[in-house]
Amino acid sequence: VKYSNGTESKCKKTIKMDKTVPSCSVSGGSTWTRNNVTVTGKCSDSTSGCKASTVSVTKSSTINQNVSPGTVEDKAGNKTTCGTKLVQIDKTAPSCSLCGGSTWTRNNVTVTGYCSDGQSGCASSSVSVTKSSTMNQYVSPGTVRDKVGNTTTCGTKMVQIDKTPP
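Residues numbered from 1 in each chain as written. Predicted model: local features only at pLDDT ≥ 70, side-chain atom pairs only at ≥ 80, totals over all residues. Heavy atoms only, no water.

## Quick look at the nonpolar core
Core analysis: the biggest nonpolar cluster contains 12 residues, these being Cys-24, Val-26, Val-37, Val-39, Cys-43, Cys-50, Ile-63, Val-67, Val-72, Cys-82, Val-87 and Ile-89. Elements that contribute at least two residues to this core include exactly β1 (23-27), β2 (37-44), β4 (63-67) and β7 (85-89). The contacts of Ile-63, once residues within four sequence positions are left out, are Trp-32, Val-87, Gln-88 and Ile-89. Among the nonpolar cores identified, the runner-up in size contains six residues, and Val-111, Val-139, Val-159 and Ile-161 belong to it. (Core = buried A, V, L, I, M, F, W, Y, C linked by side-chain atoms within 4.5 Å. Buried < 20%, exposed > 50% of the residue type's maximum accessible area, 1.4 Å probe, protein only. Helix = DSSP H or I, 4+ residues; strand = E, 2+ residues; numbered from the N terminus. Contact = heavy atoms within 4.5 Å.)

Okay, here's the thing in structure tokens:
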């Protein structure tokens, strides 16, 4: 190399070039759970190496979708967006719709609560209680539960049974 002041340098500078994007292997994801879920991307680059070994994202609310942990980058600035993993988190309690109850009757009365859940689904479709003795009170069929353990106590229906002779 000859400089403008007339001096020369015999030094050679080695330039390393990396135009290859890093790879990203993704782990994590979930089947239905009510716990937080972390999706992690592990960077791999055999040329210049990775700036960081992993990227991750944690989901903590109700979700049912594919999630990417983000983008990995090598030391030369090449980037790769990581793939996705399915994350299914259900933190929402199921709902309960009621049937049954009565106006005055002398027959047994069954109150049923039907479970509905738009995320993981219900552990069973319904809960019920049958009353057979004289009473005039509100009755709940119990508690409905979804497949990951979220619960809702069903409301009440009036049960009026008169089995006492006049």
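Next, the rest of the story.
## Structural notes on the sheet that holds β2
On the basis of which strands lie adjacent, the open sheet formed by three strands has the order β1-β2-β3 and antiparallel pairing. Edge positions in the open sheet fall to β1 and β3 (54-59), since each of these has one partner strand only. Taking the axes of each pair of neighbouring strands and ignoring which way they run, one obtains an average angle of 20° across the sheet. Two elements, β1 and β2, share five bridges in a ladder whose sense is antiparallel. Counted as the bridge partner of Ser-25 is Lys-42 from β2. (Pairing = 2+ DSSP bridges. Axes fitted to C-alpha atoms, helices over the stretch in contact; angles between N-to-C directions.)

## Re the sheet that holds strand β9 (residues 109-116)
Pairing is antiparallel in the open sheet, where three strands are placed in the order β8-β9-β10. The open sheet has two free edges, formed respectively by β8 (95-100) and β10 (126-131), since each of these has just one partner strand. Adjacent strand axes in the sheet meet at a mean angle of 15°, parallel and antiparallel pairs treated alike. Sheet analysis places β8 next to β9, joined by six bridges and oriented antiparallel. Directly across from Leu-98, in β9, lies its bridge partner Gly-113.

## Some remarks on the environment of Ala-123
As for its position among the elements, Ala-123 is in the loop between β9 and β10. Overall, Ala-123 belongs to the exposed group, its relative accessible area being 51%. With 45 residues separating them along the chain, Ala-123 and Asn-78 place their C-alpha atoms 47 Å apart. Setting aside residues up to four positions removed in sequence, Ala-123 forms contacts with Arg-145, Asp-146 and Lys-147.

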